[in-house]
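One-letter residues, chain by chain:
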Amino acid sequence: MAGKPPTGDPVQDAPEVTAPQHAAAGLTAIGHSLRAAQRQMGVRRTALTLLRVNQKDGFDCPGCAWPEPDKRHTAEFCENGAKAVAEEATLRRITPAFFAVHSVADLAGRSGYWLGQQGRLTRPMYLAEGADHYEPVSWERAFGIIADELRALESPDEAVFYTSGRTSNEAAFLYQLFAREFGTNNLPDCSNMCHESSGSALTDTLGVGKGSVLLEDLYKADLLIVAGQNPGTNHPRMLSALEKAKRGGTKIMTVNPLPEAGLERFKNPQNARGLAGSGTPLTDLFLKIRLGGDQALFRLLNRLVLETEGAVDEGFVREHTHGYEEFAALARGADWDETLRATGLAREEILAALRMILDSERTVVCWAMGLTQHKHAVVTIKEIVNLLLLRGAIGRPGAGVCPVRGHSNVQGDRTMGIFERPAPAFLDALEKEFGFAPPREHGLDVVRAIRALRDGQAKVFLAMGGNFVSATPDTDVTEAAVRRARLTVHVSTKLNRSHVITGARALILPTLGRTERDRQRGGDQFVTVEDSMGMVHASRGRLDPASPHLLSEPAIVCRLARAVLGTASTTPWERFEEDYGTIRDRIARVIPGFEDFNARVSRPGGFTLPHAPRDSRTFPTTTGKANFTAAPMEYPHVPEGRLLLQTIRSHDQYNTTIYGLDDRYRGIKNGRRVVLLHPDDARDHGLADGAYADLVSEWTDGTERRAPGFRVVHYPTARGCAAAYYPETNVLVPLDHTADQSNTPASKSVIIRLEPTERPASTT
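Below: a short report on this structure. Bear in mind that the values here come from a model prediction, so they are computed numbers and not experimental data.

Thresholds, definitions, all that
- Sequence order sets the numbering: in each chain, residues are counted from 1 along the sequence as written.
- Totals for whole chains, interfaces and linings use every residue, but because this is a predicted model, local features are given only for residues with pLDDT of at least 70 and side-chain atom pairs only at 80 or more, for both listing and counting.
- Hydrogens and waters are ignored; side-chain quantities use all the structure's heavy atoms.
- At least two bridges found by DSSP between two strands is the condition for calling them paired.
- Helix numbers and strand numbers start at the N terminus; a helix is a DSSP run of H or I with at least 4 residues, a strand a run of E with at least 2.
- As a rule, the C-alpha atoms of each element are fitted with a line to give its axis, helices using only the stretch in contact, and angles between N-to-C directions run from 0 to 180 degrees.
- When checking whether two residues touch, look at their non-hydrogen atoms; a contact exists if any pair is within 4.5 Å.
- The cut-offs for exposure are 20% and 50% of the maximum accessible area for each residue type, with area from a 1.4 Å probe on protein chains only; residues under the lower value are buried, those over the upper are exposed, and the others partly exposed.
- Between 30 and 60 degrees the pair is tilted, below 30 it is stacked and above 60 it is edge-to-face, where a pair is any two Phe, Tyr or Trp rings, Trp via its six-membered ring, whose centres lie within 6.5 Å.
- Placement of a charge over a ring requires the Lys NZ or Arg CZ to be within 6 Å of the ring centre, with the centre-to-atom vector within 35 degrees of the ring normal.
- Should a side-chain nitrogen of Lys or Arg be within 4 Å of a carboxyl oxygen of Asp or Glu, the pair is scored as a salt bridge.

Quick word on the sheet that holds strand E9 (residues 251–255)
Part 1 of the argument: Spatially, the 5 strands line up as an open sheet ordered E12-E9-E8-E14-E15, and their pairing is parallel. Two strands lie at the open edges of the sheet, namely strand E12 (285–287) and strand E15 (400–403), each paired on one side alone. With direction set aside, neighbouring strand axes in the sheet form an average angle of 15°.
Part 2 of the argument: When E9 meets E12, the two strands line up parallel, connected through 3 bridges. Along E12, the bridge assignment pairs Thr254 with Phe286.
Part 3 of the argument: Across the sheet, helix H9 (residues 196–206) is in contact with strand E14 (363–367) and E15; its angle to E15 comes to roughly 160°.

Right under this line is the structure:
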């Protein structure tokens with residue numbers, strides 16, 4: 001029955017395991033999509049809602065940031081997109097009566113899956129100091145509580161303003177404007193935990209911290225290298241683009257420790273071949289690389305390109321690059337034996353990769369968190385840029401860099417100024433436009449914010465969306481840090497664990513979702529988002545709001561700013577709330593590329609932001625050219641008897657949102673506490689398939705971090721590597737184990753030992 005949530009947590013201690021699949025999507029994906037949607041929304045609401053997802057006059061999917069083609073299918077969504085929409089447009093509701101029944105302690109003992117399945121939040125809720133239960137509170141009182149706490153701080157820097165990726169451009173711009181007018185650059189966001197390494201590397205090398213390709217470039221490429229990424233689960237609509245490219249003659253190389261069904265074969269549910277046939281094989285060469293070995297691989301490939309006559313685009317290197325000689329001298333020293341140890345690959349595999357690169361005039365490299373969440377992530381991505389620069393593959397159609405962002409609008413939030421280290425030019429533009437002096441000192445990123453909360457240096461934590469506690473590393477440390485806050489505030493559509501790990505006082509502020517009509521005093525409003533390739537377009541919800549007590553994210557920020565800043569602020573917060581077009585007018589005057597914003601975004605499909613390396617082969621770096629880089633080669637060194645763990649998503653989740661307890665493509669059903677091990681590694685540790693073990697991470701601080709009771713699954717992963725789902729294994733990621741320069745948690749390279757244990761007792 002649609003709208004009915006589960007009454008108790010399901011048993012998760014005995015997952016069923018079958019062989020992993022070798023193809024993604026097809027009829028099965030359609031069935032799962034429709035069943036998930038109908039359970040949450042019912043038949044009629046499912047049809048009305050899903051047919052508007054990612055349409056030019058519809059709403060942007062609240063899932064991933066993959067771009068839409070100009071010509072759209074009637075059903076322009078994937079399985080996980082359908083689940084994301086269903087979770088937001090659900091008929092299930094959480095009322096004050098729910099919180100009267102369930103204490104905070106009770107809710108804290110529930111799984112994240114159970115919490116998320118309870119439905120949409122409908123009223124602002126307040127947890128008073130010393131109270132056991134949340135109670136309803138008026139919006140006016142809620143804003144007053146926040147204002148009192150913020151004004152009582154000794155410094156604005158004692159407040160932290162976190163942002164999730166799904167926040168619209170308009171809400172993000174207002175949020176950073178409010179935080180900076182309040183007096184702080186403490187604006188950590190989810191980018192700090194995923195693609196910060198990409199932004200750092202690309203800014204240093206190309207001058208723009210975004211990808212340089214558009215969707216059409218994938219279709220024009222001779223070679224697509226997909227590294228450290230699982231599109232079949234994390235960005236399923238990317239598979240359609242890969243299929244189109246493959247059918248146009250593009251070769252695809254996959255570099256990943258795990259074989260992934262979607263990259264093996266894609267059964268496109270949009271055509272007869274995918275529904276009735278065997279689908280399209282995608283990967284031409286699969287390099288099953290050891291975790292963290294990517295820099296070594298690309299370093300050796302660069303050496304081999306340098307040694308191949310005619311392989312270097314000497315004209316491009318001479319005219320457009322800087323630092324070639326230093327880079328080339330280091331690359332020529334790449335050692336075969338060390339590379340084979342670091343990567344676990346065979347010599348013949350690397351030579352096959354080289355042949356594909358040399359045969360390609362137009363190469364695109366795509367990557368995701370499998371590359372960004374290592375200690376040496378930034379230099380790894382810079383090594384990839386080195387390869388593309390050698391081949392002249394920047395600023396050429398069908399070639400370039402393609403970091404594939406996760407959250408819808410995570411890139412847009414950063415463009416709008418959600419960044420703890422803002423550029424002086426951006427702050428200058430804010431000051432000129434709004435007439436106040438924004439702070440210039442750098443603020444806190446996610447890891448530093450946790451440390452500040454832990455150490456009592458931050459006292460108020462506000463989150464615009466997201467599930468901070470479950471998304472961040474070192475779970476026990478993070479939860480203890482958050483509990484030290486005087487006040488925690490979460491703007492959310494649904495319940496999650498961050499709402500039950502609270503400061504001394506806590507507020508939950510319910511907001512509109514992407515699917516819902518946003519009606520303000522100025523009439524119906526729309527918001528805008530930026531996809532993973534720099535396309536900006538409108539998003540318009542049509543459903544009635546889940547509750548008459550909801551406010552939109554822009555309205556929440558505007559009312560909060562008025563409550564905190566009062567008459568001292570000359571910013572027209574009330575006007576911004578009434579008419580989002582006035583926000584876009586200001587964005588147009590502050591942020592380059594958004595000139596004439598309202599007119600351009602009103603066109604179907606929106607517009608493309610400028611990208612100097614792509615558009616004109618100009619590079620706004622400190623040297624004025626694209627920069628080759630030379631860095632020592634790094635890869636994880638794992639002690640004897642230990643393994644290297646990467647945290648991963650299941651197919652039944654999106655980031656920290658758990659849709660169900662299955663991972664269909666990997667053959668896991670009804671459970672999440674599983675660890676995937678190569679059969680030989682498992683046998684070396686005396687662990688049969690189906691045995692149970694505790695995962696214990698080892699770090700230089702000597703602290704024991706333990707995730708108990710994981711079922712061992714023999715799996716064809718790279719030797720010496722293990723994989724397990726997050727957020728369950730975030731407890732194993734040390735807070736201080738981060739990427740150099742970007743400070744991103746190194747969640748893909750955690751050294752662990754396995755301690756055999758008994759099967760856990762059943763719990764419900």
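Observations concerning the pairing of strand E31 (residues 705–714)
Part 1 of the argument: Burial of E31 is extensive: 7 of the 10 residues sit out of reach of the surface.
Part 2 of the argument: Where strand E29 (residues 674–677) and E31 come together, 4 bridges link them in parallel fashion. Bridge assignment links Val675 to a residue of E31, and that residue is Val712.

Section: the pairing of strand E25 (residues 643–648)
As a general feature of sheets, a regular strand has side chains that alternate between the two faces.
Part 1 of the argument: Within E25, 6 of the 6 residues are buried, which leaves it mostly tucked inside the rest of the structure.
Part 2 of the argument: Side chains Leu643, Leu645 and Thr647 project from E25 onto one buried face, and the interleaved Leu644, Gln646 and Ile648 project onto a second face that is buried too.
Part 3 of the argument: With 3 bridges joining them, E25 and strand E33 (residues 750–757) adopt antiparallel strand pairing. What sits directly across from Leu644, in E33, is Ile751.
Part 4 of the argument: The pairing of E25 with strand E32 (residues 721–725) spans 5 bridges and is parallel. Pairing of Thr647 across the sheet is with Ala724, part of E32.

Regarding the packing of aromatic side chains
Part 1 of the argument: Under the defined criterion, the tally for this structure stands at 19 aromatic pairs.
Part 2 of the argument: Taking 5.0 Å as the distance between ring centres and 65° as the angle between the ring planes, the aromatic pair formed by Phe594 and Phe597 counts as edge-to-face. Both residues of the pair, Phe594 and Phe597, count as buried.
Part 3 of the argument: Taking 6.0 Å as the distance between ring centres and 85° as the angle between the ring planes, the aromatic pair formed by Phe594 and Phe607 counts as edge-to-face. Taken as a pair, Phe594 in the loop between helix H29 (580–590) and helix H30 (597–601) and Phe607 in strand E23 (residues 607–608) lie far apart in primary sequence, 13 residues in all. Each member of the pair, Phe594 as well as Phe607, is classed as buried.
Part 4 of the argument: The rings of Phe98, Phe99, Trp114 and Tyr134 are connected pair by pair, giving a single aromatic cluster.
Part 5 of the argument: One Lys or Arg, Arg347, reaches over the ring of Trp336 and ends 4.1 Å from the middle of that ring.

Let's talk about the pattern of salt bridges
Part 1 of the argument: Evaluation of the coordinates by the stated rule reveals 63 salt bridges.
Part 2 of the argument: One salt bridge connects Lys246 with Asp284, and the closest N-O pair in it is separated by 3.5 Å. Of this pair, Lys246 sits in helix H12 (residues 238–247) while Asp284 sits in the loop between strand E11 (280–281) and E12, placing them 38 residues apart in sequence.
Part 3 of the argument: Lys246 gets classed as buried once you look at its relative accessible area, which sits at 18%.
Part 4 of the argument: The class of Asp284 is partly exposed, set by a relative accessible area of 36%.
Part 5 of the argument: Of the charged contacts, one joins Asp428 and Arg440 as a salt bridge, the two residues approaching to 2.9 Å between their closest N and O atoms. Of the two residues, Asp428 is situated in helix H23 (residues 424–434) and Arg440 in the loop between H23 and helix H24 (446–454); the sequence distance between them amounts to 12 residues.
Part 6 of the argument: Classification of Asp428 as partly exposed rests on a relative accessible area of 40%.
Part 7 of the argument: Classification of Arg440 by relative accessible area gives partly exposed; the value is 37%.

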